[in-house]
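Notes for the structure review
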Amino acid sequence: MTEILGLDIGRVIIAGDSGPADTHFFTGDHLRTPPMDGALECIRRLVKGRFGERVHLISKCHSRIERRTREWLAHVQFTETTGIQENRWHFCKERPDKGPLCKALGITHFVDDRLDNLRHASEAGVGHLYWFKPDGDSPENAPEHQRVNSWSELVSR
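These remarks concern the structure in this document. Computed from a predicted structure; not experimentally measured.

Right, let's get into the overall build of the chain. Tallying secondary structure elements over the chain gives 7 helices and 6 strands in all. Taken from N to C terminus, the helices and strands of the chain fall in the order β-α-α-β-α-α-β-α-β-α-β-β-α. In the chain, which comprises 157 residues, the proportion classed as buried is 48%. A separation of at least 24 residues holds for 61% of the contacts in the chain among residues at least 6 apart in sequence.

Spelled out as structure tokens, the structure:
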């Protein structure tokens, strides 16, 4: 079976706090928002190694945030750094839409910071789910999801 990786963007690639408050990305100079520690380097390693060109970004956002996200990805030279071309950046309007998008892309491994998004991916048949920097829920609430607390931990799986 061919392995295909799907990555959420907010609070997985683009840094954000772990609480409900917005970061500069949503309300201020979004280009000043840093990437998550190690994200770009680790994504590059995944692309050059295990997954090759079979890595997709999957993000839930509406047009304003999609525009900001695309600007941020260009600003940090995401394609040049990671090798993930813009035709593999996918956006949907609602969280439940991530599941069908994962299914359509053939995603086998999915990384997200939100448990509900992982549930949608699971319902769509994604077999390897990674809960990135989880907060709030205890591990008992999500035994089928592998908890990962950093990019280096994720790459080692």
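The strands making up a sheet are joined through hydrogen bonds of the backbone, oriented either antiparallel or parallel. A sheet is described by the order of its strands in space; here 6 strands give the open sequence E3-E2-E1-E4-E5-E6, paired in parallel fashion. Edge strands, defined here as strands with exactly one partner in the open sheet, are strand E3 (89-92) and strand E6 (146-148). Neighbour to neighbour, the strand axes of the sheet diverge by 25° on average, direction disregarded. Where strand E1 (residues 5-7) and strand E2 (residues 55-60) come together, 3 bridges link them in parallel fashion. For Leu5, the partnering residue across the bridge sits in E2 and is Val55. Docked against the sheet, helix H3 (residues 63-75) engages E2 and E3, running at close to 160° with respect to E3. Lying on the sheet, helix H6 (residues 115-123) is in contact with strand E4 (109-112) and strand E5 (128-132); it crosses E5 at an angle near 175°.

Burial of the side chains of E4 extends over both faces: His109 and Val111 are buried on one face and Phe110 and Asp112 on the other. Of the strand pairs in this sheet, E1 and E4 are connected by 3 bridges, and their pairing is parallel. Bridge pairing in E4 links Leu5 to His109. Where E4 meets E5, 4 bridges bridge the pair, whose relative direction is parallel. Opposite Phe110, over in E5, you have Leu129 as the bridge partner. Remark: the E4/H6/E5 crossover connection has right-handed handedness.

For soluble globular proteins, the rule of thumb is that nonpolar side chains tend to be buried together. Core analysis: the largest hydrophobic core is formed by 34 residues, its most contacted members being Leu7, Ile13, Leu57, Phe78 and Trp151. Counting residues per element, the ones that place at least two in this core are E1, helix H2 (39-48), E2, H3, E3, E5 and helix H7 (151-155). It is H2 that contributes the most residues to this core, 6 residues altogether. Once residues within four sequence positions are removed from consideration, Leu57 is found in contact with Leu7, Ile9, Ile13, Leu73, Phe78, Ile84, Arg88, Trp89 and His90. Of all hydrophobic cores here, the second largest spans 13 residues; its members include Cys102, Leu105, Leu118 and Trp131.

Further remarks concern the environment of Arg95. Within the secondary structure layout, Arg95 lies in the loop between E3 and helix H5 (98-105). With a relative accessible area of 25%, Arg95 lands in the partly exposed category. With 35 residues separating them in the primary sequence, Arg95 and Lys60 have C-alpha atoms 5.9 Å apart. If we ignore the near neighbours within four places in the chain, the residues touching Arg95 are Lys60, Arg114, Asp116, Asn117 and His120.

The rules behind each value
Residues numbered from 1 in each chain as written. Predicted model: local features only at pLDDT ≥ 70, side-chain atom pairs only at ≥ 80, totals over all residues. Heavy atoms only, no water. Helix = DSSP H or I, 4+ residues; strand = E, 2+ residues; numbered from the N terminus. Buried < 20%, exposed > 50% of the residue type's maximum accessible area, 1.4 Å probe, protein only. Contact = heavy atoms within 4.5 Å. Pairing = 2+ DSSP bridges. Axes fitted to C-alpha atoms, helices over the stretch in contact; angles between N-to-C directions. Right-handed = clockwise from strand over helix to strand, strands pointing away. Core = buried A, V, L, I, M, F, W, Y, C linked by side-chain atoms within 4.5 Å.

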